[in-house]
Amino acid sequence: MVILPLYQVVFAVQEQKFSKTRFFALMHDGQIREMGMPDLRYPSYCASNGKICGVFYDDQKGFIALSDLKITESPLPELVFTLSKHQIAYPVVSPDRQKIAFIEYGEDETSPVLRLILREEFGWFPVQLKIDAAFSPVCWGGKDALIYTGRNNELMMISASPSKRGTAKIDTNAKLPAYHQQSGRLAFVKDDNIILKGKDNLSFEADSPDMLNFSNDGESLYFTAFKNGNYSLCRFSIEKREATRLCESDARIVWAAEI
């Protein structure tokens, strides 16, 4: 991992129809610097090993891939898993780095299901878990808890442990979950409101929010707002109860994190 002492946050934008993902660093002086990263679509960040997880396409075939963060070069990603017939979206690594959850789907984003792979001695192997889900981001709510949106737009939680398998409803008409392990805070989008639960229970309105992710200390929440044809990367201070716009983009901002 490369330490970036002058940056505020790293973020990624997608070009039309997720045809390519580009990574940028927002510096403290407000300048935006493009990073030399591979084209990892549906990116997420695993804080426990400092790697970016996403989907890397090799000859039209999608692989779950891991990559170090580089600002001046494009490292070759580590390809860990693929499917023979279907496609993969929104992979996320568990806090203990032993599991990866993702959305499996067919052509044109049809029939999405929540899947899980497990790290074993000789690689990554699928677990017998297939749950109907929406084509939407997934997050870990702890070592073994997965939070996802079902096809009926209910925000759900399921245990990744076979001995405790079972689902629980968190909220209705909700999506885009984000969870901070240390603080126990959960954030998600309901209509055009961002809901926070845990240490603080509050909600605030945003313009078509499209991405959520907590800061490292869990005291701020990054989110994307869309208005008048532009995407804004914003940071909400939980203590101050106020949002600050950090930068704008004409391409969709799909991920942001403090690295």
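In case you missed it, the structure is sitting above this.
To keep things clear, this report deals only with the structure shown in the data block. Please read these numbers as outputs of a predicted model, since none were measured by experiment.

Thresholds applied
- Residues numbered from 1 in each chain as written.
- Predicted model: local features only at pLDDT ≥ 70, side-chain atom pairs only at ≥ 80, totals over all residues.
- Heavy atoms only, no water.
- Helix = DSSP H or I, 4+ residues; strand = E, 2+ residues; numbered from the N terminus.
- Rg over C-alpha atoms; globule rule 2.2 N^0.38 Å.
- Buried < 20%, exposed > 50% of the residue type's maximum accessible area, 1.4 Å probe, protein only.
- Contact = heavy atoms within 4.5 Å.
- Areas by Shrake-Rupley, 256 points an atom, 1.4 Å probe, with all protein chains shown as cover.
- Lys, Arg positive; Asp, Glu negative; His and termini not counted.
- Charge placed at Lys NZ, Arg CZ, Asp CG, Glu CD.
- Pairing = 2+ DSSP bridges.
- Salt bridge = Lys/Arg side-chain N within 4 Å of Asp/Glu carboxyl O.
- Phe/Tyr/Trp six-rings, centres within 6.5 Å; stacked < 30°, edge-to-face > 60°.
- Polar contact = N/O pair within 3.5 Å; in protein donor to acceptor, adjacent residues only side chain to side chain.
- Disulfide = S-S within 2.5 Å.

## Let's talk about the overall build of the chain
Helix and strand counts for the chain stand at 0 helices and 25 strands. Relative to a compact globule of 259 residues, whose C-alpha radius of gyration would be 18 Å, the chain shows 17 Å and is just as compact. Projected onto the principal axes, the alpha-carbon positions of the chain cover approximately 45 × 40 × 35 Å. A buried classification covers 54% of the 259 residues belonging to the chain. Across the chain, contacts joining residues at least 24 apart in sequence account for 38% of those joining residues at least 6 apart. Total accessible area computed for the chain in this model is approximately 12,600 Å², and 44% of it derives from carbon and sulfur atoms. Here the chain contributes 30 positive and 33 negative side-chain charges, whose respective centroids are spaced 3 Å apart.

## Let's talk about the pairing of strand E24 (residues 242-249)
Pairing of strand E23 (residues 230-237) with E24 involves 7 bridges; the strand directions are antiparallel. Following the sheet pairing, Phe236 is matched in E24 by Ala243. Linking E23 back to E24 in an antiparallel pair, the connection comprises 4 residues, with Arg241 at a positive phi of about 60°.

## Quick notes on the pattern of salt bridges
For the structure shown, the criterion picks out 15 salt bridges. Between Asp96 and Lys99 there is a salt bridge, with its nearest N and O atoms 3.1 Å apart. Overall, the relative accessible area of 23% leaves Asp96 in the partly exposed class. A salt bridge links Arg245 to Glu248; its shortest N-O distance comes to 2.9 Å.

## Focus: the sheet that holds strand E13 (residues 139-140)
Reading across the sheet, the 4 strands line up as E13-E14-E15-E16 and stay open at both edges, with antiparallel pairing between neighbours. Each edge of the open sheet carries a strand with a single partner, namely E13 and strand E16 (167-171).

## Things to note about the environment of Val254
By secondary structure assignment, the location of Val254 is in strand E25 (residues 252-257). Since its relative accessible area comes to 15%, Val254 is described here as buried. A sequence separation of 241 residues divides Val254 from Val13, and the C-alpha atoms of the two residues are 5.5 Å apart.

## Let's talk about the packing of aromatic side chains
Aromatic ring pairs: the centre-centre distance and the angle between the two ring planes describe each pair. In total, this model carries 10 aromatic pairs according to the counting rule given. Taking 5.6 Å as the distance between ring centres and 20° as the angle between the ring planes, the aromatic pair formed by Phe11 and Phe24 counts as stacked. One end of the pair, Phe11, is in strand E1 (residues 7-14); the other, Phe24, is in strand E2 (residues 21-27), and 13 residues separate them in sequence. In this structure, Phe11 and Phe24 share a single accessibility class: buried. With 4.9 Å between their ring centres and 80° between their planes, Tyr105 and Phe135 make a pair best called edge-to-face. One end of the pair, Tyr105, is in strand E9 (residues 99-105); the other, Phe135, is in the loop between strand E12 (131-132) and E13, with 30 residues separating them in the sequence.

## Considering the environment of Ser136
Secondary-structure assignment places Ser136 in the loop between E12 and E13. Between the C-alpha atoms of Ser136 and Ser215, which are 79 residues apart in sequence, the distance is 21 Å. Discounting residues that sit within four places of it in the chain, Ser136 has contacts with Tyr90, Ile103, Thr149, Lys175 and Leu176.

## Regarding the environment of Asn152
Assignment of secondary structure puts Asn152 in the loop between strand E14 (145-149) and strand E15 (155-159). Sequence-wise, Asn152 and Ala134 are 18 residues apart; in three dimensions their C-alpha atoms are separated by 7.7 Å. Of the polar contacts made by the side chain of Asn152, one reaches the side chain of Glu154; its length is 3.2 Å.

## A word on the state of the cysteines
Under the criterion given, the structure shown has 0 disulfides. The thiol of Cys139 is unpaired, and the distance to the nearest cysteine sulfur, on Cys46, comes to 13 Å. Distance from the sulfur of Cys247, which forms no disulfide, to the nearest cysteine sulfur (Cys234) is 8.6 Å. Among the residues examined, Cys247 registers a relative accessible area of 9% and is labelled buried.

## Brief notes about the side chain of Ser67
Relative to the assigned elements, Ser67 resides in strand E6 (residues 61-67). Overall, Ser67 belongs to the buried group, its relative accessible area being 2%. In this structure, Ser67 is in contact with Met37, Pro38, Leu40, Lys51, Ile52, Pro75 and Pro77, ignoring residues within four places of it in sequence.

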